[in-house]
Amino acid sequence: MWTLKSPSLKLSALVAVLNEYGNVSDNKSAEIVSALCNHEINMSTGTVFNIRTKLANKLMPTVEKIKQKLIDGGVLGVDETGVHVNGKLNWVHIFANEHYTLFEHSAKRGSHCKDEEGILALFVGILLHDHFKSYYKTKTLTHAECNQHILRYLKAIIEIQGHSWATEMSDFLLEAKGMKEEAVLAGRNGFSPEEYAGLEQQYIDILDKGNKEYEEAIQGKKHIRSFNEERLLLKRLREYKNEHLRFLSKFVVPFGNNISEQGAAFVKRKIKVAGGFRSEQGATNHMVIISVAASARKQKKNIFQTFKRAFEGKDPLTSDMS
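Rules behind the numbers
- Residues numbered from 1 in each chain as written.
- Predicted model: local features only at pLDDT ≥ 70, side-chain atom pairs only at ≥ 80, totals over all residues.
- Heavy atoms only, no water.
- Axes fitted to C-alpha atoms, helices over the stretch in contact; angles between N-to-C directions.
- Helix = DSSP H or I, 4+ residues; strand = E, 2+ residues; numbered from the N terminus.
- Parallel < 35°, antiparallel > 145°, perpendicular 65-115°, else oblique.
- Left-handed = near helix turned anticlockwise from the far one by under 90°.
- Contact = heavy atoms within 4.5 Å.
- Nonpolar A, V, L, I, M, F, W, Y, C, P; charged D, E, K, R; others polar.
- Buried < 20%, exposed > 50% of the residue type's maximum accessible area, 1.4 Å probe, protein only.
- Salt bridge = Lys/Arg side-chain N within 4 Å of Asp/Glu carboxyl O.
- pLDDT = per-residue confidence, 0-100.
- Phe/Tyr/Trp six-rings, centres within 6.5 Å; stacked < 30°, edge-to-face > 60°.
- Lys NZ or Arg CZ within 6 Å of the ring centre and 35° of its normal.
- Pairing = 2+ DSSP bridges.
- Core = buried A, V, L, I, M, F, W, Y, C linked by side-chain atoms within 4.5 Å.
- Polar contact = N/O pair within 3.5 Å; in protein donor to acceptor, adjacent residues only side chain to side chain.

Section: the packing of helix α1 (residues 9-21) against helix α13 (residues 303-311)
Then step 1. Orientation of α1 relative to α13, taken along the N-to-C sense of each, is 125 degrees, at an axis distance of 8 Å. When the axes of α1 and α13 are compared, the pair comes out oblique. In this structure, α1 meets α13 at a crossing whose hand is right-handed. Here Leu-9, Lys-10, Ser-12, Ala-13, Leu-14, Ala-16, Val-17 and Tyr-21 of α1 lie close against α13, whose contacting residues are Ile-303, Phe-304, Phe-307, Lys-308 and Phe-311.
Then step 2. Per-class residue counts for the contact of α1 with α13 are ten nonpolar, one polar and two charged.

Quick look at the side chain of Thr-306
Then step 1. Tracing the sequence through the fold places Thr-306 in helix α13.
Then step 2. Given the relative accessible area of 2%, Thr-306 is considered buried.
Then step 3. Discounting residues that sit within four places of it in the chain, Thr-306 has contacts with Val-292, Ala-296, Lys-301, Pro-316 and Leu-317.

Here we look at the pattern of salt bridges
Then step 1. Enumeration over the complete set of coordinates arrives at 15 salt bridges.
Then step 2. With a closest N to O distance of 3.5 Å, Glu-20 and Arg-52 form a salt bridge. One end of the pair, Glu-20, is in helix α1; the other, Arg-52, is in helix α3 (residues 45-72), with 32 residues separating them in the sequence.
Then step 3. Assessed through its relative accessible area of 3%, Glu-20 is described here as buried.
Then step 4. Among the salt bridges present, the one from Glu-261 reaches Arg-152, with a minimum N-O distance of 3.4 Å. Here Glu-261, found in helix α11 (residues 258-274), pairs with Arg-152, found in helix α5 (residues 147-160); they are 109 residues apart in sequence, far enough to count as distant.
Then step 5. Salt bridges here are not isolated pairs; linked through shared partners, they connect Glu-20, Asp-26 and Arg-52.

Observations concerning the confidence of the model for the protein chain
Then step 1. On average, the protein chain scores 90 in pLDDT, and the residues at 70 or more come to 95%.
Then step 2. Residue range residues 1-5 is modelled with pLDDT below 50. Its contacts to residues more than four positions away, or to other chains, number twelve contacts.

Looking at the packing of aromatic side chains
Then step 1. Scanning the model with the defined rule gives five aromatic pairs in all.
Then step 2. Against the face of Phe-255 rests Lys-177, its NZ or CZ located 5.8 Å from the ring centre.

Considering the sheet that holds strand β6 (residues 126-129)
Then step 1. In space, the five strands of this open sheet follow the order β5-β4-β3-β6-β7, with mixed pairing throughout. Unpaired on one side and paired on the other, β5 (101-106) and β7 (142-145) mark the two borders of the sheet. Recorded for the sheet is a direction-independent mean angle of 30 degrees between the axes of neighbouring strands.
Then step 2. Note: strand β3 (residues 75-85) against strand β4 (residues 88-96), nine bridges, orientation antiparallel. The residue of β4 that forms the bridge with Glu-80 is His-93.
Then step 3. Strands β3, β4 and β5 of the sheet are contacted by α3, whose axis makes an angle of about 105 degrees with β5.
Then step 4. Its contacts with the sheet place helix α12 (residues 280-298) against β3, β4 and β5, and it is angled at close to 165 degrees to β5.

Observations regarding the nonpolar core
Then step 1. Ranked by internal contacts, the top residues of the largest apolar core, which has 42 residues, are Met-43, Leu-76 and Phe-307.
Then step 2. Those elements that provide at least two residues to this core are α1, α2 (26-36), α3, β3, α4 (119-122), α12 and α13.
Then step 3. Among the elements that line this core, the one with the most residues is α3, at nine residues.
Then step 4. Formed by 34 residues, the second largest nonpolar core is a distinct cluster that contains Val-75, Ile-218, Phe-227 and Phe-247.

Concerning α13
Then step 1. All buried positions along α13 are accounted for by Ile-303, Thr-306, Phe-307, Lys-308, Ala-310 and Phe-311.
Then step 2. For α13, the secondary structure elements touched by its buried residues are α1, α3 and α12.
Then step 3. For α13, the N-terminal cap is Asn-302; the gap from its side-chain oxygen to the backbone nitrogen of Phe-304 is 2.9 Å.

Now the structure itself:
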């Protein structure tokens, strides 16, 4: 048996896949490698840490290129999820489009909205999100709201209040989504002004019915707290009508923000195993590595080969990123 001091590129890539992409703990990663090598290698957790750090350093230029690709795109999905770093609550910010995903973390949920050198300060397209109000402080952006979340909120109102407007709005959104998909398949890149106006009026009519149902439901009641979510949703859908219908006025905008929510799943799987990060550097390293891993997966690339190319000093993603 011998102690590993300088692992091969393939072995380093394997450890990185296990540890960072597979979310296997440091101890387990070392144990698995030792078992695969019939215990001829005695890999330590320190070696796993060193491999992770080395990979993150090599991937930094690629992450900058991913950031630029997202900035240059026309639609950017954003989401955030909580994570503990050094025992304190931090926030992971996910930026994504069809081909790339970028992860960053900070101590405050909305700090990336104020970063003058951050991606949101440089992006000038359509920002797709789930109504986090801080995003609206960026006045230069066009906004789009995630309707997948709205369907969930409507489902709750249907189950709790039984109000028909919620069913009608849910049906309308799904039918409009289907109409758009059919139009895209037919080679169209948008609805006519008349078609869109008709869809918009249907949306407004449903909200008018919703307001009437809500007012009738609370009439004569002293305690209306149970209706508060319905009131707020009706207000939101009306006030942010253009943002919720952006997927119809701009065909490039998706119906929902799945591209970012899928990114959040990367982080949640890591948290489920590790619980959090012991240091700022450890969290930063993970964000760098999974930014490349998530982008590689979107491009249907082999994660092992992606990491191996990075250790070899090559472009881990597409050659045309330069």
